[in-house]
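Residues per chain, in single letters:
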Amino acid sequence: MKLKFTKMHGAGNDFVVIDAINQHIDFSPAQWQRLGDRRFGVGADQILLVEQSAVAGCDFRYRIFNADGGEVEQCGNGSRAFVKFVVEKGLTVQSSITVETKGGIIAPRLEADGSITVDMGAPVLEPALVPFDAEELQGQRQGRDTLWPLELELCGTRETVLVSAVSMGNPHAVQVVADVDAAPVELTGPLIEHHPRFPKRVNAGFMQVLGRHHIRLRVYERGAGETLACGTGACAAVVAGIRRGLLDSPVRVDARGGQLSIAWKGEGQPVELTGPAITVFEGEIEI
C-alpha cells in the first residue's frame, strides 16, 4: 500500500507521523522497522500513529513504535509533534487536547508563542511500578530519592552505577555524571537498557547538573539507541534531580538536539514539558 506520512521532529528527536484515522494501518513489527530505517525507509527514532480514541473524554489515541519495530508506552517529544500534526491536518480545531496513550492520559496544548506544553501526568516513583526489581538491593538515600546500585559487566570487569528509577509512563534510569560529553553513553547505555532488574527494559539517562535550574542531558532510548533529545527522559531527569535536592523547578534541559523546559511542583503533581515541534516534510512510501 501507499502510505502518506509527515516527517517531524522535536529538538532533533525525529518522527514519522501517520494519520491512522483516514488510512487503514495494520503493520507488522518488521514493517514498522523498515519505515524507521534511515537507509531503506523514511528514517525516524519513533513512528507516531494518530487514531480515534474509544476512551470517554479523550480526543485521540496516540500510539508509538520505536525504530526497532516495538510498541512503547510514551514519548514526550512525540506528543508535541502529535498535537501540532492534528491541528495542521484539521483533525481538531482545539489548541488543547486530551490524548490516550499506552502509558496513560496526557494533555498537550499549543502555546501563543508557537511552543507546545504537555501535561505528562505525575511520575511513578514506586520501584515495582516503574517497573524495577529492587529486591535484596541496598539503596542509598539522597534527599527524598533512593539511588539504586546497578552492576554492569564492562570488558570483563564489574562497575556499579547509581540510578534513580522513575516512570513517566515509560521506565527511566537516571544517573548524574560530571560531564555528559565524556559519559560512556554508547558503552553503558545498552547494558542499562537490557539490565535484568528492568523487566520491560529501560531508557538510560545521563544528567549533568549545571545549576539549580539548568542541566545537560543525554538519553540512550529503549529500542532506538541514543537520540538527540528525549522528552520523557528530560521529565524523569528533572524529577530525579529535584528529589535528590539538586534542582528547583522550572529547569532548562539542554539536549544535543535543542532545549526543553520542565516544571514540576513535587510528589503527586503532574510534570509539564515545554518545547518545539517542527514539520520537516510530507511524503508517500510504498510499504
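That block above? That's the structure.
Fair warning: this is a prediction, and the values are worked out from it, not measured in the lab.

(A) Seen up close, empty space enclosed by the protein. In the structure shown here, the tally under the stated rule is two cavities of 30 Å³ or more. In this structure, the largest cavity occupies an estimated 90 Å³ of space. Lining of the largest cavity is provided by 15 residues; of these, Gln46, Gln74, Asn170, Asn203 and Glu221 occupy positions nearest its centre. Counting only elements with at least two residues in the lining of the largest cavity, the list comes to α2 (76-88) and α4 (231-244).

(B) Representation of helix α3 (residues 185-193) in the model. Every buried residue belonging to α3 is among Val185, Thr188, Gly189, Ile192 and Glu193, and all of these are buried. The arc that holds the buried residues of α3, viewed along the axis, is 140°, so those residues lie on one side. Turning to α3, the residues buried within the fold contact β10 (145-154), β12 (171-176), β13 (203-211), β14 (214-221) and β15 (225-227).

(C) Local environment of the pairing of strand β1 (residues 2-10). Sheet analysis places β1 next to strand β19 (residues 278-286), joined by eight bridges and oriented antiparallel. Looking at the pairing, Lys7 lines up with Phe281 of β19. Here β1 runs beside strand β2 (residues 13-19); their pairing, made up of five bridges, is antiparallel. Residue Thr6 lies in a different strand from β2, and its bridge partner there is Val17.

(D) Broad picture of the nonpolar core. In this structure, Tyr62, Phe82, Ile215, Val253 and Ile262 are the most contacted members of the largest nonpolar core, which totals 49 residues. Residue contributions to this core peak at eight residues, all from α4. Aside from chain neighbours lying at most four places away, what touches Ile215 is Met207, Gln208, Val209, Leu210, Ala237, Val238, Leu247, Val251, Arg252, Val253 and Asp254. Val163, Ala173, Ala183 and Phe206 belong to the second-largest nonpolar core, a separate cluster that totals 20 residues.

(E) View of helix α1 (residues 29-36). Taken as a whole, α1 has its buried residues at Trp32, Leu35 and Gly36. For α1, the angular spread of the buried residues around the axis is 95°, confining them to a single face. Of the surrounding secondary structure, the elements contacted by the buried residues of α1 are β1, β2, β3 (46-51), β4 (60-66) and β19.

(F) Layout of the environment of Glu100. Here Glu100 lies in strand β6 (residues 99-101). In this structure, the C-alpha to C-alpha distance between Glu100 and Ser115, residues 15 residues apart in sequence, is 21 Å. With residues near it in sequence (within four places) discarded, Glu100 still touches Ser53, Ala54, Val55, Cys58, Phe60, Arg61, Tyr62 and Ile105.

(G) Representation of unusual backbone geometry within the structure. With an omega of 0°, the peptide bond running from Val130 to Pro131 counts as cis. Structurally, the position occupied by Pro131 is in the loop between β8 (116-119) and β9 (140-142). In this structure, the amide linkage connecting Ser249 to the following residue, Pro250, adopts the cis form with an omega of -5°. Locating Pro250 in the fold gives a position in the loop between α4 and β16 (251-255). For Cys155, which is not glycine, the phi torsion reads 50° and is therefore positive. As for its position among the elements, Cys155 is in the loop between β10 and β11 (157-167). By relative accessible area, Cys155 is classed as exposed at 77%.

Cut-offs and rules
Residues numbered from 1 in each chain as written. Predicted model: local features only at pLDDT ≥ 70, side-chain atom pairs only at ≥ 80, totals over all residues. Heavy atoms only, no water. 1 Å grid on protein atoms, 1.4 Å probe; cavity = no way out; pocket = protein on both sides within 12 Å on 5 of 7 lines; lining within 4 Å. Points joined across faces, edges and corners; volume = space filled by probe spheres on them. Helix = DSSP H or I, 4+ residues; strand = E, 2+ residues; numbered from the N terminus. Buried < 20%, exposed > 50% of the residue type's maximum accessible area, 1.4 Å probe, protein only. Arc of directions from axis to C-beta. Contact = heavy atoms within 4.5 Å. Pairing = 2+ DSSP bridges. Core = buried A, V, L, I, M, F, W, Y, C linked by side-chain atoms within 4.5 Å.

Functional significance is not addressed by these values, which are geometric in nature.
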